[in-house]
Amino acid sequence: MKQLISACLLVCANLAGAYASAQTLEATDAIARASIPGAPNSAAFMTLSNTSASDISLVSVKSDVAKRPELHGHINDNGVMRMRQRESIVIPAGGQVVLKPGGLHVMLLGLTDRLMPGGQVQLTLIDEAGQEYPVTAEVVDMRQHTGVSSKQGAMKGHNMKGHNH
Amino acid sequence: MKRALVWALSGLMAVALGFWGSQWLPSPHNQRQLVLTDMDGQVFDSLERLKGEPYVVTFGYTYCPDVCPTTLAYLAQVLDVYETQSGTKLEALFVSVDPERDTPDRLAQYVAYFDADMTALTGSAEQLKQAAQSFSVYFQKVDGTRGDDYLVDHSAGVLVLNGAHQLVGVIRDNAPLDDALAELAKASP
Ligand SMILES: [Cu+2]
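What this report covers is the structure whose coordinates are included nearby. Starting from 1, residues in each chain are numbered consecutively following that chain's sequence as written. Chains and ligands are labelled sequentially in the order written, the chains with letters from A and the ligands with numbers from 1. In keeping with the model being predicted, local features are shown solely for residues with a pLDDT of at least 70 and side-chain atom pairs are shown and tallied solely at 80 or more, while totals for entire chains, interfaces and linings include all residues. Working from all heavy atoms in the structure, the side-chain values ignore hydrogens and water.

### Details of the packing of helix 3 (residues 67–86) of chain B against helix 6 (residues 177–185) of chain B
All names here are of chain B. Here an axis means a line fitted to C-alpha atoms, over the contact stretch when the element is a helix, while the angle between two N-to-C directions is reported on a 0 to 180 degree scale. Under the DSSP-based scheme used, a helix requires at least four consecutive residues in state H or I and a strand at least two consecutive residues in state E, with every element numbered from the N terminus. Axis separation between helix 3 and helix 6 bottoms out at 10 Å; the angle between their running directions is 65°. One finds that helix 3 runs roughly perpendicular with respect to helix 6. At the point where helix 3 passes helix 6, the crossing takes the right-handed sense. For the pair formed by helix 3 and helix 6, the contact residues are Tyr74, Val78, Leu79, Val81, Tyr82 and Gln85 on the first element and Leu177, Ala180, Leu181, Leu184 and Ala185 on the second. Reported orientations rely on four angle classes, namely roughly parallel under 35 degrees, roughly antiparallel over 145, roughly perpendicular from 65 to 115, and oblique for the rest. By convention the crossing between two helices is left-handed if the near helix lies anticlockwise of the far one by an angle smaller than a right angle, and right-handed if it lies clockwise. Note on definitions: a residue-residue contact is assigned when non-hydrogen atoms from the two residues lie within 4.5 Å.

Rendered as structure tokens:
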């Protein structure tokens, strides 16, 4: 965990004031799993904070790094993990939703290129009104993120808010 | 908790069936067996290849975008800690339930990324069915409408077997390290 490369980003919902009720979604700790040899798919994770006064319902995601980027969740059905596309992921007004391994995630099906540690992945989250929230995720070697090693070096939080994109 | 219960129940059922079957079969009723193909394309019969040895096994597939990599990365580290603490190195098997896409080559690359000593196996649909039955695990292809782009639902977690190849423990996903080590310790009492 020592080298948790934290991705920080602020999503600018306020794109040129195009929307009357601009909503603000902030993504922190955005990471994408580095490609595993032999595996054509990957996933991205992040914490989404809705700093606005209304709920934000994400309905899709765009990215050039995968043929099929999708919003996904897992259903743990008596020990069987059933991964399914989600119709929406709602971040309540003033609330947070965590996308993490084994839970909600941005699925990257059919990577167009290998994701190398240290690189970046551009994602665009889209809400039901069609508003777009760009997110930059750092590509990390998830072998460092198993939680086992975190005993030695706990996952460090970081506060680098304020990066504007 | 629910999941642990299901594992326990399916274990009980297997034991019950085993008792029933043991009237005809000379082998221990709840001995688990895998007869599959290894990364060199050779037949892998767990009762022969791992005779008398405890081991751990998990089921999955390389196209698995989240659960399998998470489990394997976690397992590799847990096995490492266990080896350091106990001096015992446990054999680890990864069984692909997706033989259509998981070639021996792909599997070899995949598991080596997590653990150089891990063995990857797969087999025919019938062999995998047998293996799943023997270990009371479930798998089912889903989303097959997009041709090659399907996903596979499967039992998560890691199964722990002792030297007699009886199922003695289960490591749930994201179990705390101490719980995982306690499960592994059951393999070599
Ligand atoms: Cu997914």
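Alright, that's what it looks like, and here's the rest.
### What about the coordination of the copper ion?
Residue and element names in this part refer to chain A. In this structure, His72 (ND1), Met83 (SD), His105 (NE2) and Met107 (SD) serve as the protein donors to the copper ion, at separations of 2.0 to 2.3 Å. A donor here means any N, O or S atom no more than 2.8 Å from the metal (3.2 Å for Na, K and Ca); water is not included, so a site may seem to lack partners. Site shape is set this way: if four donors have all angles between 85 and 135 degrees, tetrahedral; if opposite donors are over 155 degrees apart and all others between 65 and 115, square planar for four donors and octahedral for six; otherwise irregular. Geometry at the copper ion is tetrahedral, judged from the four donor atoms that bind it and their angles of 101 to 119° at the metal. In the primary sequence, the donor residues of the copper ion line up as H-x10-M-x21-H-x1-M. Of this pair, methionine 83 sits in strand 6 (residues 80–85) while methionine 107 is found in strand 9 (residues 105–111), placing the two residues 24 residues apart along the sequence.

### Observations regarding the pattern of salt bridges
Residue and element names in this part refer to chain A. A pairing counts as a salt bridge when a side-chain nitrogen of Lys or Arg comes within 4 Å of a carboxyl oxygen of Asp or Glu. Under the criterion given, the structure shown has 15 salt bridges over all chains. Between arginine 143 and aspartate 141 there is a salt bridge, with the nearest N and O atoms lying 2.8 Å from each other. Here's how the labels work: a residue is buried when its accessible area is under 20% of the maximum for its type, exposed when over 50%, partly exposed in between, all with a 1.4 Å probe on protein chains only. On the basis of relative accessible area, aspartate 141 is assigned to the buried category, the value being 14%.

### Observations concerning empty space enclosed by the protein
Cavities and pockets were defined on a 1 Å grid built over protein atoms only: a cavity is a set of grid points that admits a 1.4 Å probe from which the probe cannot escape, a pocket is an open set flanked by protein on both sides within 12 Å along at least five of seven lines, and lining residues are those with an atom within 4 Å of any such point. Grid points are joined across faces, edges and corners, and a volume is the space filled by probe spheres set on the points. One pass over the full model with this rule turns up three cavities of 30 Å³ or more. Contributing to the lining of the largest cavity are His74, Met81 and Met83 of chain A together with Tyr61, Cys64, Pro65, Val67, Leu151, Val152, Asp153 and His154 of chain B. Looking at the lining of the largest cavity, the elements that each hand over two or more residues are strand 6 of chain A together with strand 7 (151–155) of chain B. Among the elements that make up the lining of the largest cavity, the one with the highest residue count is strand 7 of chain B (four residues). Of the residues in the lining of the largest cavity, the class split is eight nonpolar, two polar and one charged. The computed volume of the second largest cavity comes to approximately 40 Å³. Lining the second largest cavity are Thr58, Phe59, Val67, Cys68, Thr71, Leu72, Phe94, His154, Ser155, Ala156 and Gly157 of chain B. Going through the elements one at a time, strand 3 (55–60), helix 3 and strand 7 of chain B are the ones with two or more residues in the lining of the second largest cavity. Side-chain classes follow a simple rule in which Ala, Val, Leu, Ile, Met, Phe, Trp, Tyr, Cys and Pro form the nonpolar group, Asp, Glu, Lys and Arg form the charged group, and the remainder, Gly included, forms the polar group. Of the residues contributing to the lining of the second largest cavity, the split by class is six nonpolar, five polar and no charged.

### Quick word on the interface of chain A and chain B
Each side of the interface is counted separately: chain A has 39 residues, and chain B has 32 residues. As used here, buried area is the combined drop in accessible area, with a 1.4 Å probe, of two parts when they are placed together. Ranking the residues of chain A by area buried against chain B places Arg68, Arg143 and Val148 of chain A at the top, with a combined share of 21%. Across the chain A-chain B interface, the total number found is three salt bridges. Notably, a salt bridge pairs aspartate 66 of chain B with arginine 33 of chain A, separated by 3.4 Å at the nearest N-O pair. Here a polar contact means two N or O atoms within 3.5 Å. Within protein one must be a hydrogen donor candidate and the other an acceptor candidate, and residues neighboring in sequence count only if both atoms are side-chain atoms. Here chain A is connected to chain B by 14 residue pairs in polar contact (both at pLDDT 80 or more). Going through the elements one at a time, strand 3 (42–50), strand 5 (66–77), strand 6 and strand 9 of chain A are the ones with two or more residues in the side of chain A that touches chain B. Broken down by class, the residue content of the side of chain A that touches chain B amounts to 15 nonpolar, 15 polar and nine charged.

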